[in-house]
Amino acid sequence: MFLTETHKMTNKTNIFYLSGLNDLTTNRGLIFTFIFLCYSLIWIVNGALILVIILEEKLHEPMYIFLCNLCINSLYGTAAFYPKFLYDLVTNNRTISYAGCMLQGFVIYSYAGTDFSILALMAYDRYLAICRPLEYHSVMTKHKVVLLVCFSRLVPCLCFTVLIIMTSLLQLCDSHIDKLYCANWSIVKLSCNSITANNIVGYIVILFYFCHVVFIMCSYVPLLKSAVKSRDGRKKFTQTCVPHLFCLLNVTVALLFDLMYARYGSPSLSAGVKNFMSLQFLLFPPILNPLIYGLKLTQVRNRLLNVFKGKG
């Protein structure tokens, strides 16, 4: 009896069961095809934009470097979900190792945090370019751009490393995660002990990234004031700021759905709705962000058209 109970606890602490996969018992082939096409599209649109920015010297400017980093981050984040999910659909596997679960949660949410960091940098870049054009090149030096890009990745990684370490210290009483992938809060909810500290730190991280959104919106107040003063200002705002705002809205709404459902979602929601809400920020931002920028930014759009026409 003692050995049986010990074995059960070992399973609970070393293997997680992704309960969200239980509801995908029908139309697996259709779901696999759809997810495979989505992941392929993510690689195509993000990869195309990355290559265009790297190969085109005219695009070696801070705004495009930040955009390239945004696309690289999309590939980084989605790589933690799509290959594993496709494998699970083919093999009917519903489990993930403890270490794999922690790693998946870390990568997915550090990807989300990095998205906000990059969007904040892009807002700051547009503020300097439109409101303080004479100071732009002295402030946005190559050295500073490299540092900003590094910090946009390092800070989210540090934030979510703290969360994952705190989660790893919890004693878990269950091993069933009610999602299609591992999320930090989904693991925390399985704890036998108090999760007050994890909850407080989690809210601090959420507040920290909410401040990113506030910073971006505040930076657009002087941008709007500057844009309405001249025709050239309105043109710059439309070409570079409007797609940035669309991307911010895209990322914020998608992640907000996931966070609100994870913490306050009703268990009475249908499985399809729950799975859709948890997948939004891994599906829409990685596809729509490069499409929005690729179609809206003139230099990027012209370069892409030349590539497709075979002009190199």
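Scroll up a little and you will see the structure.
As the structure is a computational prediction, the values presented were derived from the model and not from experiment. (Residues numbered from 1 in each chain as written. Predicted model: local features only at pLDDT ≥ 70, side-chain atom pairs only at ≥ 80, totals over all residues. Heavy atoms only, no water.)

1. A closer look at the state of the cysteines
Under the definition given, this model contains 2 disulfides. Each disulfide pairs two cysteine sulfurs, and for Cys101 the partner residue is Cys182, the sulfurs being separated by 1.9 Å. Disulfide Cys101-Cys182: torsion about the S-S bond near -115 degrees, hence left-handed. Remark: Cys182 occurs in the loop between strand S3 (176-177) and helix H8 (184-188) and Cys101 occurs in helix H5 (residues 98-131); sequence separation between them is 81 residues. Each member of the pair Cys101 and Cys182 is classed as buried. (Disulfide = S-S within 2.5 Å. Helix = DSSP H or I, 4+ residues; strand = E, 2+ residues; numbered from the N terminus. Buried < 20%, exposed > 50% of the residue type's maximum accessible area, 1.4 Å probe, protein only.)

2. Brief notes about the nonpolar core
Residues Phe81, Tyr181 and Phe281 are the most contacted members of the largest nonpolar core, which totals 86 residues. Here the element with the most residues in this core is H5; it accounts for 18 residues. Those residues in contact with Phe81, other than ones at most four positions away along the chain, are Gln104, Ile108, Leu180, Tyr181, Leu279 and Leu282. (Core = buried A, V, L, I, M, F, W, Y, C linked by side-chain atoms within 4.5 Å. Contact = heavy atoms within 4.5 Å.)

3. Concerning a nonpolar patch on the surface
There is a patch of nonpolar side chains on the surface, built from Leu147, Phe151, Leu154 and Leu158 and spanning about 390 Å² of accessible area. Of note, Leu158 is situated in helix H7 (residues 142-168). Residue classification places Leu158 among the exposed residues on the basis of a relative accessible area of 51%. (Patch = residues over 30% accessible without salt bridge, like charges linked within 9 Å, V, L, I, M, F, W, Y side chains within 5 Å. Areas by Shrake-Rupley, 256 points an atom, 1.4 Å probe, with all protein chains shown as cover. Salt bridge = Lys/Arg side-chain N within 4 Å of Asp/Glu carboxyl O.)

4. Brief notes about the side chain of Ser110
Considering the arrangement of structural elements, one finds Ser110 in helix H5. Taking the relative accessible area as the measure of exposure, Ser110 reaches 0% and is therefore buried. Here Val107 takes part through its backbone oxygen, which lies 3.1 Å from a polar atom of the side chain of Ser110. Residue contacts for Ser110: discarding those within four places in its chain leaves Tyr76, Pro156, Cys157 and Phe160. (Polar contact = N/O pair within 3.5 Å; in protein donor to acceptor, adjacent residues only side chain to side chain.)

5. Considerations on the sheet that holds strand S2 (residues 95-97)
The strand order across the open sheet built from 3 strands is S2-S1-S3, with neighbouring strands paired in mixed fashion. Edge positions in the open sheet fall to S2 and S3, since each of these has one partner strand only. Note that strand S1 (residues 15-18) and S3 share 2 bridges and pair parallel. Paired with Leu18 across the strands is Ile177, a residue of S3. The strands touched by H5 within the sheet are S1, S2 and S3, with S2 carrying the most contacts at an inclination of about 90 degrees. (Pairing = 2+ DSSP bridges. Axes fitted to C-alpha atoms, helices over the stretch in contact; angles between N-to-C directions.)

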